[in-house]
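Each chain, letter by letter, is given below.
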Amino acid sequence: MSFEDALRENRVPPLLGDVRLFYDGGRLVGESLPPPWTLRVLPSLCLGLAGVSTVVGMVMLVLDTARTPGAASLLLGLAGALVVGALVLEARLKRRRFVLHFKTESLRLETLAWAPGAARTQTLPFDDVRAVHIVQPPGGRYSLVVEYGPEEAPQRALLVRGVRPQEGETLHRVWRLLHNAFGLKGAGLAGR
């Protein structure tokens, strides 16, 4: 049975950690799940409040010339803090997607952000992939990371995060699947 035949027969788990996996006509796609809608509106809410604080602060500066502009400065400082908060929230809400194209033997890494123009895409040949690692950051949950680029200065990209210990068997199965897809040694099938 070929590698793609095994994928077609739904041997790919539908969900692993924070990623939904599916096979789509010659491609294995992994997409991080979207955050809840309550979190998605927070950056916009922060920016809206920053706009209101700026307008009120400016009006207070213009209308109150006799006093020290303490309250107006406080509101303008609050507006700046809200903008920074919106940017931090936006950075945390960005989604990830990876696509393995078997016909072209390439891996596409995408960072999907809610802000316009913040998305990034990088495509690399399977031969550029050096390793696939299972890592355990602090917190007890596992992640799946791909290492690529030159051996002198390899880069890493997060594929899957938040894998519970109960999903360990599935994590190792996906690790082996990716390892073999990239033709790396040590996963049981490939010999590079």
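See the structure printed just above.
Note that the coordinates shown come from a computational prediction; the quantities given were computed from them, not determined experimentally.

Procedures and definitions
- All residue numbers refer to position in the chain's written sequence, counted from 1.
- Under the rules for a predicted model, residues below a pLDDT of 70 receive no local features and side-chain atom pairs below 80 are neither given nor counted, while totals for whole chains, interfaces and linings still include all residues.
- Side-chain metrics in this entry use all non-hydrogen atoms of the structure; hydrogen atoms and water are not considered.
- In plain words, nonpolar cores are sets of buried Ala, Val, Leu, Ile, Met, Phe, Trp, Tyr and Cys residues tied together by side-chain atoms within 4.5 Å.
- Residue burial is assigned from relative accessible area. The probe radius is 1.4 Å, only protein chains are included, and a residue is buried under 20% of its type maximum, exposed over 50%, and partly exposed in between.
- Note on conventions: DSSP H or I runs of at least 4 residues are helices, E runs of at least 2 residues are strands, and numbering of each starts at the N terminus.
- By definition in these notes, contact holds between two residues if any of their heavy atoms fall within 4.5 Å.
- Two N or O atoms count as a polar contact when they lie within 3.5 Å, although within protein this holds only if one can serve as hydrogen donor and the other as acceptor, and sequence-adjacent residues are included solely when both atoms are side-chain atoms.
- Expected span of a helix: the number of residues minus one, times 1.5 Å.
- Summarising the geometry, the arc corresponds to the directions from the helix axis toward the C-beta atoms.

**Student:** It is not clear to me how the nonpolar core should be interpreted in this structure. Could you clarify?
**Tutor:** Grouped burial of nonpolar side chains is what soluble globular proteins tend to show. Ranked by internal contacts, the top residues of the largest apolar core, which has 29 residues, are Phe-98, Leu-100, Leu-107, Val-146, Leu-178 and Phe-182. Listed by contribution, the elements that provide at least two residues to this core are β2 (19-23), β4 (95-101), β5 (106-112), β7 (129-135), β8 (142-148), β9 (155-163) and α5 (168-181). Of the residues forming this core, the biggest block, 6 residues, is contributed by α5. Those residues in contact with Phe-98 that lie beyond four places of it in its chain are Val-19, Leu-21, Leu-28, Val-29, Gly-30, Leu-107, Arg-108, Leu-109, Leu-159 and Val-160. By size, the runner-up hydrophobic cluster in this structure holds 5 residues, among which are Ala-50, Ala-79, Leu-82 and Ala-86.

**Student:** What am I meant to see in the environment of Glu-31 here?
**Tutor:** Structurally, Glu-31 can be placed in strand β3 (residues 27-32). Residues Glu-31 and Asp-18 lie 13 residues apart in sequence; the distance between their C-alpha atoms is 8.2 Å. In contact with Glu-31, other than residues within four places in its own chain, are Asp-18, Val-19, Arg-20, Phe-22, Arg-95, Arg-96 and Arg-97. At 2.6 Å, the side chain of Glu-31 and the side chain of Arg-20 are in polar contact. Only 3.2 Å separates the side chain of Glu-31 from the side chain of Arg-97, close enough to count as a polar contact.

**Student:** Is there a simple way to explain helix α3 (residues 42-63) in this structure?
**Tutor:** Because the α-helix completes a turn every 3.6 residues, residues three or four places apart line up on one side. Taking 1.5 Å of rise per residue, 22 residues should cover 32 Å, and α3 covers 31 Å from first to last C-alpha, within 8% of that figure. Every buried residue of α3 is accounted for by Pro-43, Cys-46, Ala-50, Ser-53 and Gly-57. End-on, the buried residues of α3 take up no more than an arc of 80°, which puts them together on one face. Exposed positions of α3 whose direction lies more than 90 degrees from the buried face are Ser-44, Val-52, Val-55, Val-62 and Leu-63. Contact partners of the buried residues in α3: α2 (37-40) and α4 (70-93).

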